[in-house]
Amino acid sequence: MFAQIIVDVPTMQTNQPYTYAIPDKFVAVVEAGMRVVVPFGKGSRQVQGFVVGLQDDYHGEVDLKEITDVVDVAPVLNAEMLELADWVARENFAFKISVLQAMLPNVMRAKYVKTVQLRDPALLETDAMLRDFFTDRFEVPLDDNHVTPEVLTALHKYARLGQVAINYQVGNRAKIKLVTAVKPILSAEKYDEIRQGLRPTAKKQARLLTYLMTASPNWIAQKEIIDATAVDYTTLKKAETNGWIQKGEIEQYRLPKLTSAITATEPLPLTEQQAHVFTTLSENLTDDAKSQTYLLEGVTGSGKTEVYLQAMATVLAQGKTALMLVPEITLTPQMVRRVKSRFGEAVAVLHSALSDGERYDEWRRIERGEARVVVGARSAIFAPLQDIGLIILDEEHDASYKQEENPRYHARDVALWRASYHRATVVLGSATPSLESRAHAQQGQYTLLRLTQRVQTQPLPPVSLVDMRESIKSGSDDLFSNELLEALRQRLARGEQSVLMLNRRGYANYVSCRDCGFTPTCVNCDLALTMHKVTNSLICHYCGYQEPIPKTCPNCGSQRIRPFGAGTQKVEAMLKEYLPTARVLRMDQDTTRKKGATDGMLEAFGNHEADILLGTQMIAKGLDFPDITLVGVLNADTTLALPDYRAAERTFQLLTQVSGRAGRADKPGEVIVQTYNPEHYALRFAQTHDYEGFYQYEMAIRKEWQYSPYYYTIQLKVLHESQTESARVAYEIADWLKPYLDLQTVMLGPSAGSVARLNNKYVYRIVIKYRQSAKLFEALDELMQAGQRLQRQKVTLLIDRDPVNFV
DNA sequence: AGCACGCCGACT
DNA sequence: GTCGGCGTGCTC
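Keep in mind that this is a model prediction, so the values were computed, not measured. (Residues numbered from 1 in each chain as written. Chains lettered and ligands numbered in written order. Predicted model: local features only at pLDDT ≥ 70, side-chain atom pairs only at ≥ 80, totals over all residues. Heavy atoms only, no water.)

Here's the deal with the protein's contact with DNA strand C
Inclusion rule: Definition of nearness: a residue and a molecule or strand are near each other if at least one heavy atom of the residue lies within 4 Å of the molecule or strand. Helix numbers and strand numbers start at the N terminus; a helix is a DSSP run of H or I with at least 4 residues, a strand a run of E with at least 2. Classification convention: Asp, Glu, Lys, Arg as charged; Ala, Val, Leu, Ile, Met, Phe, Trp, Tyr, Cys, Pro as nonpolar; all other residues, Gly among them, as polar.
Neighbouring DNA strand C are the residues Q13, T14, Y18, T19, Y20, F40, G41, K42, L64, K65 and R792. Of everything in DNA strand C that lies within 4 Å of the protein, sugar and phosphate atoms constitute 27%. Examining the composition of the surface near DNA strand C, we find that three residues originate from one element, strand β2 (residues 18-21), more than from any other. Within the surface near DNA strand C, the residues separate by chemical class into four nonpolar, four polar and three charged.

Laid out in structure tokens, this is it:
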């Protein structure tokens, strides 16, 4: 027997299965999808690998090595996942091993331990350095980072001479938590009999026996018994020696705790629109023969979640499973509680805040079929569910569904693949669908469903745009217009809550005219130019165009053209000044870094412990408090000026989302948006809550400028410590690629990255816009091979397909 | 990633 | 003459 194995060596040349012989003792054990340990390379270093196939015979030239060890007792990846891994790797120019690892909980990734073994003790006599290194041991762990280069060279020298040996071991970090458990082994009658015979003072023993009488004859965690009966450890020990019970160990899941108990809820009655959507979905939910994707375009408050829950219930009733993805920041306890209250124990939750152990346990609950509903962020799309009936992507437009590091998969694509494999239903839900998805619906690939009315039929809040140019002229400062301050004061007086969003995004600086709102844009791309202080220039991060920073505004001649940007801390301080009595809760990266901080703050706000919630974009999503009657957006323009062709789309989505936060209960809400570009179409359409209008308008622009969804994009990034070197390689690649591009393919750049230096590496990039992929992808595959050689020269080449942002 | 092979310069 | 620098190819 022979096994095809993908080894844990993430390089292009090793991105293929290697054949290994299966020793007799493992023949009956090894299956595809298991992790194994194999010798690899000249020194037969032990590495982890995944069995991706088995075969009975082998006719190749090479004499095969044998599998050293089998890590798993059962496959951790089934046939579906192995096939999916191949596809994800191919589509995203990623290594197979990286994809396989991304599919599994972190703890299942191999941990390598390097040790040095002293073979020739005589060395210690002659070499004082080695004496210090080995002290009194014969084998010591070797961590390259904690050993001086001198010692390292010496060790390598002795290793060549065979006087020391460098060993590689593969460790397993996945720890199953075991707890001491107790099992009743006698009948209830017998326990009763013993209890009757106890001395009257033996109260603890009596309590234990009473408990055992009614206990099921299964393993019970010791802690559970102690908690229930208030006996102590010695009582149980005695019970064991008396032969009343058996002691042992059982596996225990590390279940992430919720702060309060969950009460079961029933499906809510559906509105007419919801019912219509649900009925349409049901056609495919109950159809085992084909997969169908629905785009659910529903305004905030239209009750998408209730439709999701009932659709999930439908597939569960058929014995199938359901998967629901939400953006990480939306995955709040509130959200989890809502799903758990409907499906109870059947729900597993996967998100980044879990510890490695918790995540591993949730994964196993799913893998064993104990959890049939999964709620999670991006990576939960790889949840080991079987027989999936429904996959939901809520807030489907959200950029966090695309992984920004290798493997750079998009959860939406994976969802569609898995759904097609299981002939399952996909629901993409959003108040503001991505243009790509909306266009797919237009073309009929997706079925478009709409929820246009809010459940409680309250209207969407009126949105007013405050022209900051005017406001500043009339004496207000550039952070708070008089209109916004007045509105805040009103809410404060009425005891109502407000949300303020400072739409600060990243650190990209741009310049804008304080008098006319003009922001210099690229002549080729219609994108805002980014300010580079070092070179004193404005640069287009898309195509590389640059011009000097203007001293006066090219539009109105004003001298007040300057860099833009303000932080939450400054805003908080200003608020204190203007509204000294207001209790302000600030939510941003700084205040929410600690685990659980976000939940605590949202709870505090829900309990009216603050009047104003001030935050960055994170507050736009998913928070749902009835008493918010005012939403203020301090500077709507920052996302607009991002060097990204999706800037308008992002801005529209964000404004629409944050507007939906105002006035959800019986109180009407109001939204005030401060801007220097009140005439911009993204703001205009957001003002009237007109998604369809925005869609039509933006599509025309995308068509004209040849952007997605009319063209696909690929972004190549070249990184190197030296700017000239990364530029040189980028140009070399661009020249090499040119002959492979067809007439409909456009190459932009190379240009300097928007953050010119990242982790001390200079970034150059090339953007390719294309419609036909076959030839281009062949070229890129070849480029991947070349990328390996570049790696030697410390040049990193990244290939990002359909990048979601260019910053 | 890590190891060997091989070709160049600077030393015992 | 050899030790060791790192550029290149290969790992079942």
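The structure having been displayed, the exposition proceeds.
A few points about the packing of helix α22 (residues 647-659) against helix α24 (residues 691-705)
So the rule is basically this: Axes here refer to lines fitted to C-alpha atoms; in helices the fit is confined to the stretch in contact. Angles between the N-to-C directions go from 0 to 180 degrees. For classification purposes, angles smaller than 35 degrees are called roughly parallel, those larger than 145 roughly antiparallel, those between 65 and 115 roughly perpendicular, and all remaining angles oblique. We call two residues in contact when some of their heavy atoms are within 4.5 Å.
In the contact formed by α22 and α24, the axes pass within 11 Å of each other and the chain directions differ by 170 degrees. The pairing of α22 with α24 is recorded here as roughly antiparallel in orientation. Facing A648, E649 and F652 of α22, the residues of α24 in contact are Y691, F694, E698 and R702. Its residues placed into classes, the contact of α22 with α24 shows four nonpolar, no polar and three charged.

Topic: the UniProt feature "binding site: Zn(2+) 2" (unreviewed entry) in chain A
Filter applied, for reference: UniProt positions are given in the numbering used here, feature names are shortened, and annotations may be inferred rather than shown by experiment.
Annotation from UniProt places "binding site: Zn(2+) 2" (unreviewed entry) at C522, C525, C540 and C543. For C540, the position within the fold is in the loop between β23 (537-539) and β24 (546-548).

Re the sheet that holds strand β3 (residues 35-40)
Here is the rule: Two strands form a pair only when DSSP identifies at least two bridges running between them.
If you trace the five strands from one edge of the open sheet to the other, you get β2-β1-β4-β3-β5, paired in antiparallel fashion. Edge positions in the sheet fall to β2 and β5 (69-70), since each of these pairs with one other strand and no more. Sheet analysis places strand β1 (residues 2-7) next to β2, joined by four bridges and oriented antiparallel. Along β2, the bridge assignment pairs A3 with Y20.

Quick notes on the protein's contact with DNA strand B
Around DNA strand B, the neighbouring residues are V9, T11, K42, G43, R45, Y168 and R792. The share of sugar and phosphate among atoms of DNA strand B within 4 Å of the protein is 62%.

Here we look at the UniProt feature "binding site: Zn(2+) 1" (unreviewed entry) in chain A
Feature annotation in UniProt places "binding site: Zn(2+) 1" (unreviewed entry) on C513, C516, C553 and C556, given in this structure's numbering. Annotated residues spanning 44 residues; largest pairwise C-alpha distance 8.6 Å, indicating a single compact cluster. Position of C513 among the secondary structure elements: in strand β21 (residues 511-513). Examined against the element boundaries, C556 turns out to sit in the loop between β24 and β25 (561-563). Residues in contact with C556, not counting those within four places in the same chain, are C513, D515 and C516.

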